[in-house]
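Residue-level structure breakdown
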Amino acid sequence: MRREESQPARVTEARGLGACCHDRLPHLTRVALPGTLPGKGVWSGVGARGEAARFPAARDLCVRPRSLAAPGRMAHVFVYGTLKTGQPNHRVLLEGAHGRAAFRGWGRTVEPYPLVIAGQRNVPRLLNLPGRGRRVAGEVYAVDEQMLRFLDEFEGCPDMYQRTRVTVAVEGAGETLQCFVYTTATYPPEWVHLPYHDDYDSQGEHGLRYSPR
């Protein structure tokens, strides 16, 4: 969710650059802060308006939730792009070797978000700009710790995407769920001006078919 794209700057000290199945965004730089431990600090990069921006240490955004510490505990994950049913990467949720993933329902984000299709490989990206864009449709899965670790690696978290939380209204259930979702906090400034989508389909009318690596 690669480096073949031309991006604003180069990455320094980024972990696992080859891990993500999607495009890399080589425009983040780690800025060391006085008194911080190795691997801590903040990421600086290009914000939505093109100005320099700082964000919490990205690695801290993919920590394992304590709720999964006990065996058998599951976490909810909201998928909105190529992991959805019928989309190019859905098969990875079905592979038992990756862990357990149980479908819990369809839903939409309670808040609007910009869902754009970007890069040379036409990757769906949920920009971390709550309140802007559209309420995004997707699927909710209950996953175990093994699957969550796999998804972190698959999505290149935390260097490429950050696993954050989103509130999802579950269709037909009359309830909302707090779910993990893979969003991106930094991106080329022009991405915020791309068309916003609310229900991703790789073969949709937009004509921007996802291209696997």
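Coordinates for the structure precede this section.
From a predicted model like this one, the values you see are computed outputs, not experimental measurements. (Residues numbered from 1 in each chain as written. Predicted model: local features only at pLDDT ≥ 70, side-chain atom pairs only at ≥ 80, totals over all residues. Heavy atoms only, no water.)

Let us now look at the pairing of strand 5 (residues 101-109). Two elements, strand 5 and strand 8 (residues 137-143), share seven bridges in a ladder whose sense is antiparallel. Following the sheet pairing, A102 is matched in strand 8 by A142. (Pairing = 2+ DSSP bridges. Helix = DSSP H or I, 4+ residues; strand = E, 2+ residues; numbered from the N terminus.)

What follows deals with the packing of aromatic side chains. Geometrically, a pair of aromatic rings is defined through the distance of the ring centres and the angle of the planes. Evaluated as defined, the whole model comprises three aromatic pairs. A centroid spacing of 5.6 Å and a plane angle of 65° characterise the contact between F103 and Y141, whose relative ring orientation is edge-to-face. Here F103 is found in strand 5, whereas its partner Y141 is found in strand 8, with 38 residues between them in sequence. F103 sits in the partly exposed class, given a relative accessible area of 35%. Aromatic ring contacts, followed pair by pair, group F103, W106 and Y141 into a single cluster. One cation-aromatic arrangement involves R163 over F180; the distance from NZ or CZ to the ring centre is 4.6 Å. (Phe/Tyr/Trp six-rings, centres within 6.5 Å; stacked < 30°, edge-to-face > 60°. Buried < 20%, exposed > 50% of the residue type's maximum accessible area, 1.4 Å probe, protein only. Lys NZ or Arg CZ within 6 Å of the ring centre and 35° of its normal.)

The next point concerns helix 2 (residues 145-154). With seven of 10 residues buried, helix 2 is to be regarded as a mostly interior element. Among the residues making up helix 2, those that are buried are E145, M147, L148, F150, L151, D152 and F154. In this structure, the buried side of helix 2 is in contact with strand 4 (75-79), helix 1 (91-94), strand 5, strand 8, strand 9 (162-170) and strand 10 (175-183). Where helix 2 terminates, the next one or two residues include G156, which has phi positive at roughly 65°. (Contact = heavy atoms within 4.5 Å.)

This part covers the side chain of N122. Within the element layout of this structure, N122 appears in the loop between strand 6 (115-118) and strand 7 (123-126). At 3.0 Å, the side chain of N122 forms a polar contact with the backbone oxygen of R209. Leaving out residues up to four positions away in the same chain, N122 has contacts with I117, Y200, L208, R209 and Y210. (Polar contact = N/O pair within 3.5 Å; in protein donor to acceptor, adjacent residues only side chain to side chain.)

Moving on to the pattern of salt bridges. Under the criterion given, the structure shown has five salt bridges. Two residues, R149 and E145, come together in a salt bridge whose shortest N-O distance is 3.1 Å. With a gap of four residues between them, R149 and E145 both fall in helix 2, about one helical turn apart. Its relative accessible area of 45% is what places R149 among the partly exposed residues. Across the salt bridge formed by R163 and D152, the nearest N and O atoms sit 2.9 Å from each other. In this pair, R163 is assigned in strand 9 and D152 in helix 2, connecting sequence segments 11 residues apart. Across this residue pair, the class does not change: R163 and D152 are buried. Through salt bridges that share partners, R108, R134 and D198 make up one connected network. (Salt bridge = Lys/Arg side-chain N within 4 Å of Asp/Glu carboxyl O.)

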